[in-house]
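So the chains spell out like this:
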Amino acid sequence: MGCPHFEMEYTVNEQKVYTNACQEVEYRARLDILLAKESELLELVDLFLQGGNHRENILISRRGGIRDIFKPKITEAKRQLKNCEKRLNYNCSRC
């Protein structure tokens, strides 16, 4: 797996810590992006609603649709991040 120098210099648990730390950054970034996109879309819908839009019913249903689309994705991203943090803490304790 990779460079032989890397394998000789670090223990298996230290390698796992490095891998988990990299994954944690990726999962946290993915979660932040999802939350930002959802927030941006909801704020845009709210902006149109505040202006007294004549299509208020449609915008309200779109708002619910946005939440329905993002909720499972955000839940999964939070789950993955939490599991990664647990693995990282476990592997850190074994080093």
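Shown above is the structure to which this text applies.
None of these values were measured; they are calculated from a predicted model. (Residues numbered from 1 in each chain as written. Predicted model: local features only at pLDDT ≥ 70, side-chain atom pairs only at ≥ 80, totals over all residues. Heavy atoms only, no water.)

A. Molecular detail of the overall build of the chain. What the chain contains, in helices and strands, is three helices and zero strands. Going residue by residue from the N terminus, the α and β elements of the chain occur as α-α-α. Computed over C-alpha atoms, the radius of gyration of the chain comes to 21 Å, more than 25% over the 12 Å expected from 2.2 N^0.38 for 95 residues, which places it beyond the range of a compact globule. With the C-alpha coordinates of the chain rotated into their principal frame, the extents come out at 70 × 20 × 20 Å. Taking all 95 residues of the chain together, 21% fall into the buried category. Long-range contacts, defined here as pairs at least 24 residues apart, represent 78% of the contacts in the chain between residues at least 6 apart. Across the chain, 16 positive and 14 negative side-chain charges occur, with their mean positions spaced 7 Å apart. (Helix = DSSP H or I, 4+ residues; strand = E, 2+ residues; numbered from the N terminus. Rg over C-alpha atoms; globule rule 2.2 N^0.38 Å. Buried < 20%, exposed > 50% of the residue type's maximum accessible area, 1.4 Å probe, protein only. Contact = heavy atoms within 4.5 Å. Lys, Arg positive; Asp, Glu negative; His and termini not counted. Charge placed at Lys NZ, Arg CZ, Asp CG, Glu CD.)

B. Here's a closer look at the side chain of Glu38. As for its position among the elements, Glu38 is in helix H2 (residues 12-50). Setting aside anything within four residues of it in sequence, one finds Glu38 in contact with Ile66, Arg67, Phe70 and Ile74.

C. A look at the environment of Arg67. Within the fold, Arg67 resides in helix H3 (residues 56-94). On the accessibility criterion, Arg67 (39% relative accessible area) is partly exposed. Considered as a pair, Arg67 and Leu81 are 14 residues apart in the sequence and their alpha carbons are 20 Å apart. Arg67 has contacts with Glu38 and Leu42, leaving out every residue within four places of it along the chain.

In short, geometric facts, not functional conclusions.
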